[in-house]
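Close look at the chain arrangement
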Amino acid sequence: MPVEIKMPKLGESVVEGVIGKWLKAEGDPIEEDEPLVEVDTDKVNAEVPSPAKGVVHRLLVKEGEKVAVGQAIALILLEGETVAEDAAESDDTSQRTYDEPASPTAPANHRRSAPRSPHVYTPAVRRLAAESGIDPATVVGTGIGGRVSKKDMERAIAARKESEPAPQPAALSTGHRPLADGDEVVPITRMRRTIAERMLHSTRTVPHAWTMVEVDVTSLVAWRERIKEDFRRREGFNLTYLAFVVKAAVEALREYPILNSTWEEDRIVIKRRINIGIAVDLEDGLIVPVIKDADQKSIVGIARAIADLATRARAGKLTPDDVSGGTFTINNTGAFGSILSAPIINYPQAAILSMETITKRPVVVGDAIAIRSMMNLCMSLDHRILDGAVAGRFLRSVKRRLESYDANTPLY
Amino acid sequence: MAVKNILESVRAALFEEMRRDPRVMILGEDVGRHGGVFNATQGLLDEFGEDRVVDTPLAESSIVGIAIGAAVGGLLPIAEIQFADFIHSAVDQIINEAAKLRYRSNNDFGCPIVIRVPYGGGITGGLYHSQSVEALFFSTPGLKIVAPTTPADVKGLLRAAIADPDPVIFLEHKASYRTIKGEYPEGDYFIPIGGADVKRTGTDVTVVSYGMTMHYAWEAADALAQEEGIEVELIDLRTLLPLDRNTIIESVKKTGKLLIVHEDNLTGGVGAEVAATVAEHALMYLDAPIRRIAAPDIPATPYHPALERAMLPSKEQVKEAIRELARY
């Protein structure tokens, strides 16, 4: 292999030099220690001897060119050697050079070992864990040996911050007022919250108007009083006044379908099916199960449905289907003695009807005063859909039917 | 702005300071007629004369001792110790006299001397032309030690050293004399002693260094940023004594990882003090053990080039260490 001649260091502070004059040409034979080249540095000019006997194979630098100390300047082919033309390009390790650097072995103090276990955490990781509350054991480790690094913790903290929902603007809440002695704090159940939300939504979005009629149900009362015991024994459930009101209402709804509708931003949708929701009071709230297709039921059928829904409601056994799809709601506020109510519309319906208690009252019949069983019917209506006129006509229709119910009315 | 190498910068700064203040004088071996063995004082004798550029005998203890006397007498002497390896005879004058004079005289006398010390290896200087001596003086309160890295550092710190009312050891790494070039500022330029220079900001690893290894670290940092996206925060101490602990601590608090590189031996070197400072003040911010790269604890720098290369911290070593630490 050719021997590389390198630019020597000719003084302590010399880092480079200039090739002054080649004393041999390529192909010339050369003896050991025979001068090969003159080099100039800013300290000294000197001759560089050949370290071996052989033939000058290649001169790598031109005269006048600057070379750094240690740079190869010539190749000497040793005696007896031949070389393939491209051998000069072969890698350093195959060439014999005179100051081949030994690969430095790193002294022992330079070696570093990985932590014994990925769960040994550095102080920075422990500090971040304490500050953020994130357990490093839950963080993916990208340090060596799979350790959780400071950057891994920082990433976990940043990720958690991003996934937090944007803080809601503070609602206009009344906040908690200081409790007085003896005050009782009642937690809000899910039902109560649902009712609260529905009521709030309805009153906020629907412009409520209210109207009322007085209904003379004397005939109905007389008839029902006469048959209710037998009915109960025969059917197993009560024939409530509510059933009659529902019947009258659904027939009036057939006449005035606009009351069986719903407001959508750019249209009013009149529902074909008449599904009557009846409010049932529960121990801790109320629920509104729905009699589906109430217009296709007889009075008894309605009464049976009411009884069934009420029973299951109080037993907590209503299905989602039972409480959805209502198109009109009737509320028996009279059951508690009310004579006047202003109910809140069951969103997204168009109106809600409340039947008040039946009381005997002196009323004018013809030109005389008579004692009649009177029941008020109150209705709240969505004034976007309904006006006083159609509401009044509807109520008049309900009233007419209720006032006509007597022993001749088919129950079934 | 002119571009100069370190040696030219030393020379230019000496000219500027001696022109600025007639009290500034220089003394040492071969500084006058010869212009210095590295040509650092070339031309000063011609301009300023024998009274201000004094060729001394080969007697380091006397060089420093005479400088101390001249300083007490009202001059601003710059004593040159031709090679750091020769400073040992002067240690008594430096540590027992110069460093303690203000304390000992109850502030009556300061000792405004500058001791210029070419140091460091990598030039096959062998046992007596390669030493790093900063550790010797590092633990002596009353002294200051500066180690400029760039031509601008040379100018600014030499000015500050001469202006300092107390003794300053001015370290010049001889391997940097001709190999390190940079912009040499014009006009008035002053770098306060005691401030480290953040040569490069980063978030992944803090590297603290000075001298020639500072340049290795700088090259490695730039290369690693480009090749592997590792962002090094590089702190050039520039002043060894007093140590700029705050800059170091703040940086480690940011990155969590510290690598100290210096050519001096490992044990008892400046790096040990940096490591202890960080362990004391920033333990809870460390995300990896503190690493030091330094020459191994062997008695001398070898003369043979291969052995010298094996002993002194190399560019590759520094780069690999940064890479490993970044991946820790």
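Please read all numbers here as calculations on a predicted model, not as lab measurements.

**Some points on the overall build of chain A**
- When you go through chain A residue by residue, the secondary structure sums to seven helices and 18 strands.
- Counting all 412 residues of chain A, 29% fall into the buried class.
- The contacts in chain A between residues at least 6 apart in sequence include a share of 63% that link residues at least 24 apart.

**Examining the sheet that holds strand 5 (residues 45-49) of chain A**
All names here are of chain A.
- With antiparallel pairing, the four strands of this open sheet are ordered in space as 5-4-2-7. In this open sheet, the two strands that pair with only one neighbour each are strand 5 and strand 7 (66-68). When strand polarity is set aside, the average angle formed by the axes of neighbouring strands in this sheet is 40°.
- Judged from the four bridges that link them, strand 2 (residues 16-22) and strand 4 (residues 35-40) form a sheet pairing that is antiparallel. Each bridged residue has a counterpart across the sheet, and for isoleucine 19 the counterpart in strand 4 is valine 39.

**Some words on the environment of Ile291(A)**
Residue and element names in this part refer to chain A.
- Counting through the fold element by element, isoleucine 291 comes out in strand 15 (residues 290-291).
- Taking the C-alpha atoms as reference, isoleucine 291 lies 6.5 Å from alanine 305; in sequence the two are 14 residues apart.
- The contacts of isoleucine 291, once residues within four sequence positions are left out, are Asn275, Ile276, Ile278, Ile302, Ala305 and Leu309.

**So, the sheet that holds strand 17 (residues 351-365) of chain A**
Residue and element names in this part refer to chain A.
- Ordered in space as 9-18-17-16-12-15, the six strands form an open sheet in which the pairing is mixed. Of all strands in the sheet, those with a lone pairing partner are strand 9 (208-216) and strand 15, marking the two edges.
- Along the sheet, helix 5 (residues 241-255) makes contact with strand 12 (276-278), strand 16 (328-331) and strand 17, crossing strand 16 at roughly 150°.

**Quick word on the nonpolar core**
- With 112 residues, the main nonpolar core has Val207(B) and Ile322(B) as its most contacted residues.
- Counting contributing residues, this core receives three or more from each of domain 1 (2-184) and domain 2 (197-327) of chain B.
- Filtering out sequence-adjacent residues up to four positions away, Val207(B) remains in contact with Ala217(B), Ala221(B), Val232(B), Leu234(B), Ile235(B), Leu259(B), Val261(B) and Ile322(B).
- The next biggest cluster of nonpolar side chains, apart from the first, holds 57 residues, and it includes Val215(A), Ile302(A), Met355(A) and Ala391(A).

**Some remarks on the packing of helix 8 (residues 212-228) of chain B against helix 12 (residues 315-327) of chain B**
Residue and element names in this part refer to chain B.
- Packing of helix 8 against helix 12 brings their axes to within 9 Å, and their N-to-C directions diverge by 50°. By the criterion of interaxial angle, the relationship of helix 8 to helix 12 is oblique. Remark: the crossing between helix 8 and helix 12 carries right-handed chirality. Between helix 8, through Thr213, Tyr216, Ala217, Glu219, Ala220, Ala221, Ala223 and Leu224, and helix 12, the contact on the second element is made entirely by Lys315, Val318, Lys319, Ile322 and Arg323.
- The residue makeup of the contact of helix 8 with helix 12, split by class, is eight nonpolar, one polar and four charged.

**Describing the packing of helix 9 (residues 245-255) of chain B against helix 10 (residues 270-281) of chain B**
Residues and elements named next belong to chain B.
- Packing of helix 9 against helix 10 brings their axes to within 10 Å, and their N-to-C directions diverge by 60°. Regarding the angle of helix 9 to helix 10, the classification is oblique. Remark: the crossing between helix 9 and helix 10 carries right-handed chirality. Contact residues: helix 9 offers Arg245, Ile248, Ile249 and Val252, while helix 10 offers Val274, Thr277, Val278 and His281.
- Of the residues in the contact of helix 9 with helix 10, the class split is five nonpolar, two polar and one charged.

**Description of helix 9 of chain B**
All names here are of chain B.
- Looking at helix 9, one finds that the buried residues are Ile248, Ser251, Val252 and Thr255. Looking straight down helix 9, one finds its buried side chains confined to an arc of 100°; they lie on one side.
- One or two steps after helix 9, the chain reaches glycine 256, where phi turns positive at roughly 80°.

The rules behind the values
- Residues numbered from 1 in each chain as written.
- Chains lettered and ligands numbered in written order.
- Predicted model: local features only at pLDDT ≥ 70, side-chain atom pairs only at ≥ 80, totals over all residues.
- Helix = DSSP H or I, 4+ residues; strand = E, 2+ residues; numbered from the N terminus.
- Buried ≥ 20, exposed ≤ 12 C-beta atoms within 10 Å, placed from the backbone.
- Contact = placed C-beta atoms within 7 Å.
- Pairing = 2+ DSSP bridges.
- Axes fitted to C-alpha atoms, helices over the stretch in contact; angles between N-to-C directions.
- Core = buried A, V, L, I, M, F, W, Y, C linked by C-beta atoms within 7 Å.
- Domains from an automatic or database assignment.
- Parallel < 35°, antiparallel > 145°, perpendicular 65-115°, else oblique.
- Left-handed = near helix turned anticlockwise from the far one by under 90°.
- Nonpolar A, V, L, I, M, F, W, Y, C, P; charged D, E, K, R; others polar.
- Arc of directions from axis to C-beta.

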